[in-house]
Amino acid sequence: MVLKIWGTRGSVPVPGEGTKKYGGNTPCIEVISGSDEEAIIVDAGTGIRELGNKITENPNDFKRINILLSHTHWDHIQGMPFFAPLYNEKFVVDIYSYSYNGYGLDHFIDAQMRPEFFPVNKAIFKANVTYKKLIKNEDIQLGGVQISSVATHHSRGTLAFRLNKNGKSIVYMTDNEVLYNEENGQPKLEDVLNRNKELLKFCSGCDYLIHDTMYKLDDFSDKMGWGHSNNIAAALFASAAKAKNLILFHYSPEYNDEKIDELFHETEKFIAVNNLDINCLPSHEGLEIKL
Ligand SMILES: [Zn+2]
Ligand SMILES: [Zn+2]
């Protein structure tokens, strides 16, 4: 598999001089399975726009485009109406998501493209689009990749995905709050182990864990309960899950490149001081990893 990052930001796109290094687009990743001409995309933040343009330039590369959506908060679907393959009859696009309050995803794409919010509705899509519901605890297979999902500690119905192929694995876990006891201030490993059991099991031994690190620990105290994580809790979680690599992801829109450098170095230092057996790297647009 090859993992490619197209958008790294939480909440809202932040283009500009101060965000060139890590990028300003909201979440989107691509996993190239290397077989069966199937594209696998996770989340449709604004990063998906450029990816869509790349795919339409080479329309014969893929027989099918699969989009998995973690949830329908704005930052994870903002790019969907700007995904060029949807407007091209050459493409087959399957969009996977959970069902929310009994509604399938087509209901929400419909809503997103209502005339109050967008000039054209989804009937304009020329691609062969199918909306598919993910079933709890049921794996799917796409392009030779086995994909499982689990609900995260975020708004109800938010999913994390684990993609396995040939003994290699990537977990995409954003948006997620690593739970720990508020009274402790600084998260403790034991507490993280006790309060995140199901999610730790889901990530167990993965090669790459792409995890929500929206805040530095210093900025986190008044954000507890918002469904996002700080860098130190994420590092403890990754270590407890025995992940090999932690990829920092879903940065706060308030953080410029300098602040993300700080977030990264602080995380690295914490890992070194505490002898945690994980490697840590910051996500940036264009990051490509071969597994
Ligand atoms: Zn988000
Ligand atoms: Zn969210």
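For clarity, every value in this text was computed on a predicted model and none was experimentally measured.

Definitions and cut-offs
Residues numbered from 1 in each chain as written. Chains lettered and ligands numbered in written order. Predicted model: local features only at pLDDT ≥ 70, side-chain atom pairs only at ≥ 80, totals over all residues. Heavy atoms only, no water. Helix = DSSP H or I, 4+ residues; strand = E, 2+ residues; numbered from the N terminus. Buried < 20%, exposed > 50% of the residue type's maximum accessible area, 1.4 Å probe, protein only. Donors = N, O, S within 2.8 Å, 3.2 Å for Na, K, Ca; no water. Tetrahedral: all angles 85-135°; square planar, octahedral: opposite > 155°, others 65-115°.

(A) Up close: the environment of glycine 10. Positionally, glycine 10 belongs in the loop between strand S1 (2-7) and strand S2 (28-32). Judged by its relative accessible area of 0%, glycine 10 falls in the buried class. Note: C-alpha distance between glycine 10 and threonine 152 (142 residues apart in sequence) is 16 Å.

(B) Fine view of the coordination of the zinc ion (ligand 2). Protein-derived coordination of the zinc ion (ligand 2) comes from His71 (NE2), His73 (ND1), His154 (NE2) and Asp175 (OD), at a distance range of 2.1 to 2.5 Å. Each of the four donor atoms bound to the zinc ion (ligand 2) contributes to angles spanning 92 to 164°, and the resulting shape is irregular. Sequence spacing of the donors to the zinc ion (ligand 2): H-x1-H-x80-H-x20-D. In this structure, the zinc ion (ligand 2) lies 3.6 Å from the zinc ion (ligand 1), and both are coordinated by aspartate 175. Here histidine 73, found in the loop between strand S4 (64-68) and helix H2 (74-77), pairs with aspartate 175, found in the loop between strand S10 (168-173) and helix H4 (189-195); they are 102 residues apart in sequence, far enough to count as distant. A residue is classified by how much of its surface remains accessible, and aspartate 175, at 1% relative accessible area, is buried.

(C) Main features of the coordination of the zinc ion (ligand 1). Bound to the zinc ion (ligand 1) on the protein side are Asp75 (OD), His76 (NE2), Asp175 (OD) and His250 (NE2), at distances that span 2.1 to 2.2 Å. One way to put it: the four donor atoms around the zinc ion (ligand 1) meet at angles of 92 to 158°, and that makes the site irregular. For the zinc ion (ligand 1), all donor residues lie on one chain, and their spacing in sequence is D-H-x98-D-x74-H.

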